[in-house]
Amino acid sequence: MTPRWSWDFEDEPPSGRAPRPLAPPAVPVSHEVDLAQIRRRRGSAAVILLLVVVLLVSALVGGSHHAHAKTPTTTATAGATKQHATQAPKVEESTAAGQAAVRSVFSYTPFVKAGGTRGHDVALTFDDGPGPYTPQVLDVLERFHVRATFFEIGKMLRYFSASTVREVADGDVIGDHTESHPAMAELSAHDQHEELFEQIARVEVLGAPRPDLFRPPYGSFDTTTMHVLYTMHLLMVLWSIDTQDYLQPGVGTIVKRALEGVGPGSIILMHDGGGDRAQTIAALPTIIRGLRARGLRLVTVPQLLIDDPPPAGQPLPPNLSGD
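Each chain has its residues counted from 1, following the order in which its sequence is written. Confidence filtering applies because this is a predicted model: local features only for residues at pLDDT of at least 70, side-chain atom pairs given and counted only at 80 or more, and all residues used for totals across whole chains, interfaces and linings. Hydrogens and waters are ignored; side-chain quantities use all the structure's heavy atoms.

K.L.:
Could you clarify how one ought to interpret the nonpolar core in this entry?
P.N.:
For soluble globular proteins, nonpolar side chains are generally found buried alongside one another. Here, nonpolar core refers to any group of buried Ala, Val, Leu, Ile, Met, Phe, Trp, Tyr and Cys residues whose side-chain atoms link them within 4.5 Å. Classification of residues uses two cut-offs on accessible area relative to the type maximum, computed with a 1.4 Å probe and protein chains only: under 20% is buried, over 50% is exposed, and between them is partly exposed. By size, the foremost hydrophobic cluster in this structure holds 32 residues, and its most contacted members are Leu124, Phe126, Leu141, Ile268, Leu284, Ile288 and Leu291. Helix and strand assignments follow DSSP, with helices taken as H or I runs no shorter than four residues and strands as E runs no shorter than two, numbered in order from the N terminus. At the level of elements, strand S2 (121–129), helix H4 (134–143), helix H8 (251–259), strand S8 (267–271) and helix H9 (278–293) are the ones that each hand at least two residues to this core. The element contributing the most residues to this core is H9, with six residues. With near-sequence residues (within four places) excluded, isoleucine 288 lies in contact with Leu124, Val140, Leu141, Phe144, Val146 and Leu298. Val105, Phe111, Leu229 and Leu305 belong to the second largest nonpolar core, which has 31 residues in total. By the convention used here, residues are in contact when the closest approach between their heavy atoms is within 4.5 Å.

This is the structure in structure tokens:
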């Protein structure tokens with residue numbers, strides 16, 4: 001891995017000097033998103049809607065003249081169409097159910113740090129991506145048929161959005177980890193809103209579902225954050241187990257921290273971006289095997305909320321640190 005991609009958020013304090021800027025990628029990336037273009041999309045929504053209506057009407061009128069036309073279909077095309085027809089509805093149903101579960105929990109609590117304790121679900125979550133190590137994390141998850149939740153930084157999508165597209169295709173869930181990874185409690189209400197909105201816009205441009213989960217960088221939030229989250233319908237997701245893998249303490253230590261104290265409803269914090277994640281990748285297979293050996297099922301955060309949501313009336317934890 002080249003040093004230029006080592007954007008070590010966790011090595012920098014939540015306040016003080018600004019993060020080092022990312023150097024431009026060596027090769028152009030096809031999914032880079034222009035934020036000016038995103039902002040312009042807000043004002044042009046009505047025009048786009050009108051064009052869509054016109055096109056639909058034209059298609060309906062012209063369709064009657066081609067009702068009997070046949071399109072050549074190869075075996076590969078037919079197979080792909082059949083696969084899409086059988087798999088896409090399942091993904092859509094899963095997404096819809098997860099969104100409904102998030103809304104349900106959001107109706108009685110503004111945050112979660114774990115699910116209930118009556119089931120067998122555990123959620124693996126990854127912060128600070130996508131990055132150069134994310135594909136290797138996905139290799140492990142795919143090999144073990146595990147779905148996870150990724151809290152992504154908007155600016156990283158300028159360079160590594162292909163991993164986000166892959167995550168969505170795998171059935172993973174994308175959450176909001178802000179546009180540039182600031183300490184939210186140090187920002188104005190306007191700036192907090194923009195940090196959240198711009199990340200959401202980048203994710204939606206890729207065709208992924210709008211994030212409805214948020215994780216605060218450095219565990220930093222305040223009453224302003226909670227108000228902004230409420231207006232944007234974002235559920236804050238904290239954690240019950242912190243592996244502190246961002247400190248690169250060694251593979252054995254990461255595994256030990258992930259498995260110590262784990263139980264039904266646990267939300268485990270790990271990282272796929274923000275620095276060298278080779279130790280995290282090496283620890284991940286052992287963590288997955290260890291969780292399954294205890295009879296635990298690895299799921300996304302929305303699936304955790306579907307199967308066994310947390311009880312109401314939990315006190316909001318204080319502004320955290322160390323994330």
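Having seen it, we continue.
K.L.:
I'm lost on the pairing of strand S3 (residues 149–152) in this one. Help?
P.N.:
Remark: a regular strand shows side chains that alternate across the two faces of the sheet. Residues Thr149 and Phe151 line one face of S3 and the alternating positions Phe150 and Glu152 line the opposite face, and both faces are buried. Here, a strand pair is defined by DSSP locating no fewer than two bridges between the strands. Where S2 and S3 come together, four bridges link them in parallel fashion. Bridge pairing in S3 links threonine 125 to threonine 149. For the handedness criterion, the strands are oriented away from the viewer, and a crossover whose path from the first strand over the helix to the second runs clockwise is classed as right-handed. Between S2 and its parallel partner S3, the chain crosses via H4, and the hand of that crossover is right-handed. Sheet analysis places S3 next to strand S4 (residues 173–176), joined by four bridges and oriented parallel. Note that in S4 the partner of glutamate 152 across the bridge is aspartate 176.

K.L.:
Mind showing me how you'd approach helix H7 (residues 223–232) here?
P.N.:
Taken together, the buried positions of H7 are occupied by Thr225, Met226, Val228, Leu229 and Met232. Down the axis of H7, the buried set is contained in an arc of 165 degrees. They therefore lie on one face. Opposite the buried face of H7, at more than 90 degrees from it, the exposed residues are Thr223, His227 and Tyr230. Within 3.5 Å is the distance limit for a polar contact, defined as a pair of N or O atoms, with the added protein rule that one can donate a hydrogen and the other accept it, and that residues adjacent in sequence qualify only through two side-chain atoms. At the N-terminal boundary of H7, the capping side chain belongs to aspartate 222, with an oxygen 3.1 Å from the backbone nitrogen of threonine 224. The positive-phi residue at the C-terminal boundary of H7 is histidine 233, with phi of around 60 degrees. As used here, the arc belongs to the directions running from the helix axis to the C-beta atoms.

K.L.:
In this structure, what is going on with H4? I would like to understand it.
P.N.:
Of all the positions in H4, only Thr134, Val137, Leu138, Val140 and Leu141 are classed as buried. The arc that holds the buried residues of H4, viewed along the axis, is 160 degrees, so those residues lie on one side. Histidine 145 sits one or two positions beyond H4 and adopts a positive phi of about 55 degrees.

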